Amino acid sequence: MQILALPSVPGTAATWADKLYTCTYALPGGALVLSVKEASDPGAAHAFFQDLQRNPVAATPIEGLANLGFPAFQTPASAVFVKDNFVLAVDADALPETLGPHQVTRAAFAYQVATTVLACWSE
């Protein structure tokens, strides 16, 4: 969370239910929620992803190099990616419109967190 210049590591709360792991970070100004849905196979992961993409208003595909080669979409406050049989969602909706010393938008912050997770993701 260096982008936010936090003085300490934020508190977290995690849950696991119905093959959905959710980790909520208590940040100044609101919660950041990361979730990973484990589907039975890649096709089921894509179906879950498509259901998520239909729900939010203003969901737009992330294309080109920005999607890191994965199906992905973004909203004004979230980023969602599919990798293998998993769907990663980063939801910054509870945070202020801009945050941190550089006034990063919620969308840019969610995208940066999601791509950082994907860069570290190993099987």
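Everything below is about the structure printed above this text.
As the structure is a computational prediction, the values presented were derived from the model and not from experiment.

Residues other than glycine seldom take positive phi values, yet Lys 19 does so here, at roughly 60°. Assignment of secondary structure puts Lys 19 in the loop between β1 (11-17) and β2 (20-27). Judged by its relative accessible area of 47%, Lys 19 is partly exposed. One non-glycine residue, Gln 103, lies in positive phi territory at about 50°. Position of Gln 103 relative to the elements: it lies in the loop between β8 (98-99) and β9 (104-105).

Every α-helix winds through 3.6 residues per turn, so residues three or four apart in the chain are directed the same way. In this model helix α2 (residues 106-120) runs 21 Å from its N-terminal to its C-terminal C-alpha over 15 residues, within 8% of the 21 Å that 1.5 Å per residue would give. Of all the positions in α2, only Arg 106, Ala 107, Phe 109, Ala 110, Val 113, Ala 114, Thr 115 and Leu 118 are classed as buried.

Buried together is how nonpolar side chains tend to be arranged in soluble globular proteins. Among the nonpolar cores identified, the biggest contains 22 residues, and Leu 32, Phe 81, Val 90, Leu 95 and Phe 109 are the most heavily contacted of them. The residues touching Leu 95, leaving out its near neighbours within four places in the chain, are Leu 27, Pro 28, Gly 29, Gly 30, Ala 31, Leu 32, Arg 106 and Phe 109. Core analysis: the next-biggest nonpolar cluster, separate from the first, contains 8 residues, Ala 39, Ala 45, Phe 73 and Ala 89 among them.

A few words now on the pattern of salt bridges. Evaluation of the coordinates by the stated rule reveals 5 salt bridges. For Lys 83, the salt bridge is made with Asp 84, and the minimal N-O distance between the two is 3.4 Å. The class for Lys 83 is buried, based on a relative accessible area of 12%. Taking relative accessible area as the criterion, Asp 84 reaches 36% and is therefore assigned partly exposed. Residue Arg 106 pairs with Asp 93 through a salt bridge whose shortest N-O separation is 3.7 Å. Highlighted residues: Arg 106 in helix α2 and Asp 93 in the loop between β7 (86-91) and β8, separated in sequence by 13 residues. Under the relative-accessibility criterion, Arg 106 is labelled buried at 10%. Residue Asp 93 is classed as partly exposed on the basis of its relative accessible area of 48%. Beyond isolated ion pairs, a larger network of salt bridges with shared partners links Asp 93, Glu 97 and Arg 106.

Calculation criteria
- Residues numbered from 1 in each chain as written.
- Predicted model: local features only at pLDDT ≥ 70, side-chain atom pairs only at ≥ 80, totals over all residues.
- Heavy atoms only, no water.
- Helix = DSSP H or I, 4+ residues; strand = E, 2+ residues; numbered from the N terminus.
- Buried < 20%, exposed > 50% of the residue type's maximum accessible area, 1.4 Å probe, protein only.
- Expected span 1.5 Å × (residues − 1).
- Core = buried A, V, L, I, M, F, W, Y, C linked by side-chain atoms within 4.5 Å.
- Contact = heavy atoms within 4.5 Å.
- Salt bridge = Lys/Arg side-chain N within 4 Å of Asp/Glu carboxyl O.

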